[in-house]
Structure formats: structure tokens, C-alpha cells
Amino acid sequence: MDNIYLVGFMGSGKSTLGKKLSEIKNYEFIDTDKEIEKKNSMTINQIFKNFDESFFRQEELSLLKTILKQKKTIISTGGGFVCFNNIMKTIKKNGISIYLKYSSKNLYKRLKENYQGRPLINKIQENKREEFISELLQKREKFYLESNFVIDCLSLNEDDILRKINSLISTT
Ligand code: S3P
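Just so it is clear, the structure is predicted and the values come from calculations on it, not from any experiment.

*Asks:* I'm lost on the nonpolar core in this one. Help?
*Replies:* A general trend in soluble globular proteins is that nonpolar side chains are found buried together. In this structure, Phe-9, Ile-98 and Ile-165 are the most contacted members of the largest nonpolar core, which totals 50 residues. When neighbours within four sequence positions are excluded, Ile-98 is seen to be in contact with Ile-4, Tyr-5, Leu-6, Val-7, Ser-147, Phe-149, Ile-151, Ile-165 and Ile-169.

Next up, the structure:
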């Protein structure tokens, strides 16, 4: 079976949904951020602080090589994973990608209490965060939209989204 990649902006629920989906489908599960933290014995915050973003992107690229050898795996990708190093093109050859789409307004609300572990947003002043999210989403959405499927999550709850993903991957 093909690998399944959950793609989207920070705060779109990729990790939670991916874990649940892997249990329902009896697939392996990889959370790219967790793997990189484990490999470096550091949190994402520490990695960004001790090294820099480009180091982190290289770590994502190197992890991808391992992922490509996997089968029957659900991969919850970090928000920038598919936006660097042609990764979106590569994963499209390896599996099914699903973009969990939210508006920037909604992402701002969803992220409100969850900045701490996210260095890219954490470093932005509170009164500039909404604008930052909107601009970053604008830059990144062209990559996300290359996914095989797009789920507009705005009016859906977690179970709806899981059902939707399940039905999409059952038809492929
Ligand atoms: C990032 C998103 C984060 C994490 C890192 C960078 C990004 O993952 O990979 O902080 O560039 O959007 P989540 O999408 O799980 O927050």
C-alpha cells in the first residue's frame, strides 16, 4: 500500500489526525518533527536555536530518504516539510498526499495557545502574528495545493475529517 502524507500549515491537526488514522488503518505512523527531535535529542525549539532553519530543512530532507523506503505508513509532515527541496514532487511519486486546508484566520485562532513549541511563530510579536500567518500561508499554499486531495476542514470536526480521509484513500 502507498504511504499517506498529511500536509498543511502549523496547527492544522496533522499529528493528531495522523496518529488516529494509523490506528484505524493499522498503518505505521511517522511524525516528521518527532523523528527529527529523537534523532538530535533536542526539541524543535532547541534545534532552531542551536543550529538554524536550514539545518532543520536538511534534517527533513534526510528523513525523507528513510520515509521513502517505508510502506503502509501515515506521515504527519511538519508545516514546512513539503515547501523545501522539491519534497512535494518527491512524495507525490511515493504516495497519496492530503492537504488539510484552513483559512489563515482560523489557523491563527487554532494556534493561539500553541506557539511555544513552534519557533517560527514564537519569535513573532503577538500583535504581528496574524499577519505573519497570513503571509506565510500565502507563500506556502502553492505547495500544499499540489497534494492529491484537498480537504476543506473549516466546518468539519475531527471525526468528519478522519472519515473523509478514510474514504479518499479507500478509493485510490
Ligand atoms: C514548521 C512547522 C512545525 C515544525 C517546525 C517548522 C514550519 O511543525 O516542523 O516548527 O515551517 O511550518 P507543525 O506543522 O507540526 O507545527
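*Asks:* Got a minute to help me understand the side chain of Ser-12 in this structure?
*Replies:* If you trace the backbone, Ser-12 turns up in the loop between strand S1 (3–7) and helix H1 (14–25). Among all residues touching Ser-12, those that are not within four sequence positions of it are Leu-17, Leu-100, Tyr-102, Leu-107 and Arg-110.

*Asks:* Whenever I open this one, the site of the ligand confuses me. Can you help?
*Replies:* Inspection of the region around the ligand gives 13 residues, with Lys-14, Asp-33, Arg-57, Arg-118 and Arg-140 positioned closest. Note that an oxygen atom of the ligand is positioned 2.6 Å from one of the side-chain N or O atoms of Arg-57. Contact distances for the ligand include 2.6 Å between an oxygen atom and a side-chain N or O atom of Arg-118. Isolated, the ligand exposes 390 Å² of accessible area, and the fraction of that covered by the protein chains is 95%.

*Asks:* Sorry, what's going on with the pattern of salt bridges here?
*Replies:* Opposite charge on two side chains allows them to pair when their charged atoms are near. Overall, the coordinates contain ten salt bridges when judged by the stated rule. In this structure, the salt-bridge partner of Arg-57 is Glu-53, at a minimum N-O distance of 2.9 Å. Of this pair, Arg-57 and Glu-53 both sit in helix H4 (residues 53–67), four residues apart, roughly one helical turn. In this structure, Glu-141 engages Lys-101 in a salt bridge whose closest nitrogen and oxygen atoms are separated by 3.1 Å. Of this pair, Glu-141 sits in helix H8 (residues 129–144) while Lys-101 sits in strand S4 (residues 95–101), placing them 40 residues apart in sequence. Looking at Glu-141, the relative accessible area reads 18%, which means it is buried. A network of salt bridges, in which partner residues are shared, links Glu-53, Arg-57 and Glu-60.

*Asks:* Which parts of the structure should I look at to understand the packing of H1 against helix H9 (residues 158–170)?
*Replies:* Any two packed helices are characterised by how steeply their axes cross, that is the angle between the axes, and by the distance between the axes. At a minimum axis distance of 11 Å, the contact between H1 and H9 shows a crossing angle of 55°. Judged by the inter-axis angle, H1 sits oblique to H9. Considering only the axes of H1 and H9, their crossing is right-handed. Counting all contacts with H1, which are made through Thr-16, Leu-17, Lys-20, Leu-21, Ile-24 and Lys-25, the residues of H9 involved are Glu-158, Ile-161, Leu-162, Ile-165, Asn-166, Ile-169 and Ser-170.

Conventions used here
- Residues numbered from 1 in each chain as written.
- Predicted model: local features only at pLDDT ≥ 70, side-chain atom pairs only at ≥ 80, totals over all residues.
- Heavy atoms only, no water.
- Core = buried A, V, L, I, M, F, W, Y, C linked by side-chain atoms within 4.5 Å.
- Buried < 20%, exposed > 50% of the residue type's maximum accessible area, 1.4 Å probe, protein only.
- Contact = heavy atoms within 4.5 Å.
- Helix = DSSP H or I, 4+ residues; strand = E, 2+ residues; numbered from the N terminus.
- Near = heavy atom within 4 Å.
- Polar contact = N/O pair within 3.5 Å; in protein donor to acceptor, adjacent residues only side chain to side chain.
- Areas by Shrake-Rupley, 256 points an atom, 1.4 Å probe, with all protein chains shown as cover.
- Salt bridge = Lys/Arg side-chain N within 4 Å of Asp/Glu carboxyl O.
- Axes fitted to C-alpha atoms, helices over the stretch in contact; angles between N-to-C directions.
- Parallel < 35°, antiparallel > 145°, perpendicular 65-115°, else oblique.
- Left-handed = near helix turned anticlockwise from the far one by under 90°.

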